[in-house]
Amino acid sequence: MTAHGTRAGEDSDDLDVEEALALVNERPDRSARGHTPDRSADDHHSGGDTGRPDHGGPHRPHPSHRPAATWAEARAAAERAPRHRAGSRTGHLTPVAVPLAATLGLTLAAPLDALTDLPSFDTSAMDGWAVSGPGPWEVREEGVLAGHAGHAPLTDGEAVRIATGARIPPDTTAVLRSEHGRTDGKGRLHITAADRAPHTVTPGQDIRPRGQECRSGDQLLPVGTLVTPPVLGMAAAAGYDTLTAVPRPRAAVFVLGDELLGEGLPHDGLIRDALGPLLPPWLRALGAEVTEVRRVSDDEQALYRAITACDAEVIVTTGGTAAGPVDHVHPTLRRIGADLLVDGVTVRPGHPMLLARTKDDQYLVGLPGNPLAAVSGLLTLAEPLLRTLAARPAPEPYTLPLRDAVQGHPYDTRLIPVVLRGDRALPLLYNGPAMLRGVAAADALAVVPPGGSGPGEETELLDLPWASGGIGVCFT
Ligand SMILES: Nc1nc2c(c(=O)[nH]1)N[C@H]1C(S)=C(S)[C@@H](COP(=O)(O)OP(=O)(O)OC[C@H]3O[C@@H](n4cnc5c(N)ncnc54)[C@H](O)[C@@H]3O)O[C@H]1N2
Ligand code: MOO
């Protein structure tokens, strides 16, 4: 753990803010469309790495491809892509029976109907005595504990010690809390005095009647509910051992690039693979089950074999989306006869991202190799695609004012890492396509429209799954 990590544990709030602010632009521009440096290294409103101005129109990743989709069109296309499957109106995977413990984060495909009354018997709500009729009462020798079978009915004037959650004996009038009664030397139970008047016993007091929460057959939760920890608890209480749910779409990750190292320091033109570690937990947070993470060499045949041998519903590739000498994704998709649904998106970073249907029930999300561009593709294409396949609810769109201006691209949407502080979003520096430093400190990505956002301007935000505390966060 770093020194910061240690201190964060001791003095979390202050340090959080302080550290995040170190990445925030501290010199907000005064103009509406700012010109603050964003340390993105690659100029987003010029011609990418070339630095040449690019005012000729939206970027086209390859002249022979269909025009790039807008960011909103790309997300909509990814969301509806699975609905084209034969016989699938909703586009989600076929529901299955899943053992309760494995359902966290899945979506219910059948309503959660109570299999029992809840409570399933009249239950004591307090520790004390079950009493019958008016007091004082003779107290039975043997008490009633939770989890024990039925006891003999009480007779008028009789009481029995009872624990919270224990079954109420027949003919009980009420439960008297232990702090409201006392037994005398002869073992008789009396009501004690409250401040001014004695405590009272009203019929039914501190008894949870059978069926108070639900009757057997009542619908507790509808189809489409996301299984959260309380849903797990509710289902268990209602008698379930398995739930009918939409399974996680299986996702295989193919990391392309001969320049990538799996460990150690970068050397001799080789760099560390950042996406192999980043993608699996993030995909899982988006609802996928990652079945495979494999490095594939920059070789068209290797990529062809990897894709055609894969039976996952979603293939995620990284790198190789552009038109360089070893960028094999497009040629391989052509060779397979894949249907390119999205081929380039007018978003920065990440514009060469793509979505293809490789088989009737298989999709390929081609993420650019630059790490933040890959994150952009993950949120633009993989998130809506997985959401439909897994029948997850769409996140509620929301906006916050940006504290600082963010310079826009003339034609493309920009996704900018931000931290959320109070009711404002603070744009972070280090947001270049090859950088993860900004997003690693971020709570959300701001969706900055073409032309940019001025200071205080309401801007759409995409929460990062862990920052919003989403149930999809399953780091295990
Ligand atoms: N002539 C053009 N060149 C490029 C264009 C363009 O429009 N015309 N677009 C640029 C943009 S924008 C991006 S983004 C990248 C996309 O490139 P690819 O998807 O083909 O990815 P690679 O070339 O394989 O890699 C790009 C970059 O990212 C590094 N990388 C790749 N994988 C990883 C990984 N797993 N972990 C860390 N870093 C990774 C790789 O070493 C490269 O530096 O193309 C531009 N070029
Ligand atoms: O650098 Mo590219 O736009 O990042 O995807």
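Residues numbered from 1 in each chain as written. Chains lettered and ligands numbered in written order. Predicted model: local features only at pLDDT ≥ 70, side-chain atom pairs only at ≥ 80, totals over all residues.

## Digging into the packing of helix α6 (residues 300-308) against helix α7 (residues 329-336)
What counts is decided by this rule: All axes are obtained by fitting lines to C-alpha atoms, using only the stretch in contact for helices, and the reported angles, taken between N-to-C directions, cover 0 to 180 degrees. Each helix is a run of DSSP H or I of at least 4 residues and each strand a run of E of at least 2, with the numbering of both proceeding from the N terminus. Any angle from 65 to 115 degrees is called roughly perpendicular, while one under 35 is roughly parallel, one over 145 is roughly antiparallel, and all others are oblique. Two helices that cross are described as forming a left-handed crossing if the nearer one is turned anticlockwise from the farther one by less than a right angle, and a right-handed crossing if clockwise. Any residue pair is listed as a contact if its two C-beta atoms, each placed from the backbone, are within 7 Å. Following the grouping adopted for this structure description, the nonpolar residues are Ala, Val, Leu, Ile, Met, Phe, Trp, Tyr, Cys and Pro, the charged ones are Asp, Glu, Lys and Arg, and the polar ones are all others, Gly among them.
At a minimum axis separation of 10 Å, α6 and α7 run at an interaxial angle of 55°. Classified by the angle between their axes, α6 and α7 sit oblique to one another. In terms of crossing hand, the pair formed by α6 and α7 is right-handed. When α6 is examined against α7, the residues E300, L303, Y304, I307 and T308 are found in contact with a partner set consisting of P331, T332, R335 and I336. Of the residues in the contact of α6 with α7, the class split is five nonpolar, two polar and two charged.

## Concerning the site of ligand 1
This is how it is decided: Placing a C-beta atom from the backbone of each residue, we mark the residue near a molecule or strand if the atom is within 6 Å of it.
Of all residues adjacent to ligand 1, which total 27 residues, the nearest are G319, T321, A322, P368 and G369. Split by residue class, the shell around ligand 1 holds 14 nonpolar, 10 polar and three charged.

## Looking at the sheet that holds strand β18 (residues 314-318)
Let me state the cut-off plainly: Strand pairing is assigned whenever DSSP identifies at least 2 bridges connecting the two strands.
Here we have six strands laid out as an open sheet, ordered β17-β14-β18-β22-β21-β19, and mixed in their pairing. The sheet is open, and its two borders are formed by β17 (289-296) and β19 (339-343), each paired with just one other strand. Strand-to-strand twist of the sheet, defined as the mean angle between neighbouring strand axes without regard to direction, takes the value 20°. Judged from the five bridges that link them, strand β14 (residues 250-256) and β18 form a sheet pairing that is parallel.

## Re helix α5 (residues 275-285)
Here is the rule: Residue burial is a threshold on neighbouring C-beta atoms within 10 Å of the residue's own C-beta, all placed from the backbone, with 20 or more meaning buried, 12 or fewer meaning exposed, and counts in between meaning partly exposed.
Burial in α5 covers these residues: L275, L279, W282, L283, R284 and A285. On its buried side, α5 packs onto β14, β17, β18 and α8 (371-389). Positive phi appears at G287, one or two residues downstream of α5, with a value of about 110°.

## Remarks on helix α4 (residues 229-237)
Let me state the cut-off plainly: The arc under discussion is defined with respect to the helix axis, by the directions toward the C-beta atoms.
Listing the buried residues of α4 in full gives V231, M234 and A235. Buried residues along α4 cover an arc of 95° about the axis, so they all sit on one side. Looking at α4, the residues exposed on the side facing more than 90 degrees away from the buried face are P229, P230, G233 and A236. Two residues or fewer past α4, G239 is found with a positive phi of approximately 105°.

## What to know about the site of ligand 2
Our working rule: Where each domain begins and ends is defined by an automated method or by a domain database.
Around ligand 2, 11 residues are found, and the nearest of them are P349, G350, P368, A373 and P433. Split by residue class, the shell around ligand 2 holds five nonpolar, four polar and two charged. Domain assignment of the residues forming the shell around ligand 2 places at least three in each of domain 1 (3-56 + 396-463) and domain 2 (71-89 + 249-389).

## Digging into the sheet that holds strand β1 (residues 96-99)
What the three strands build is an open sheet, ordered β1-β13-β2; its pairing is antiparallel. The open sheet has two free edges, formed respectively by β1 and β2 (107-108), since each of these has just one partner strand. The sheet contact formed by β1 and strand β13 (residues 242-246) spans four bridges and is antiparallel. Looking across to β13, one finds that V98 is bridged to L243.

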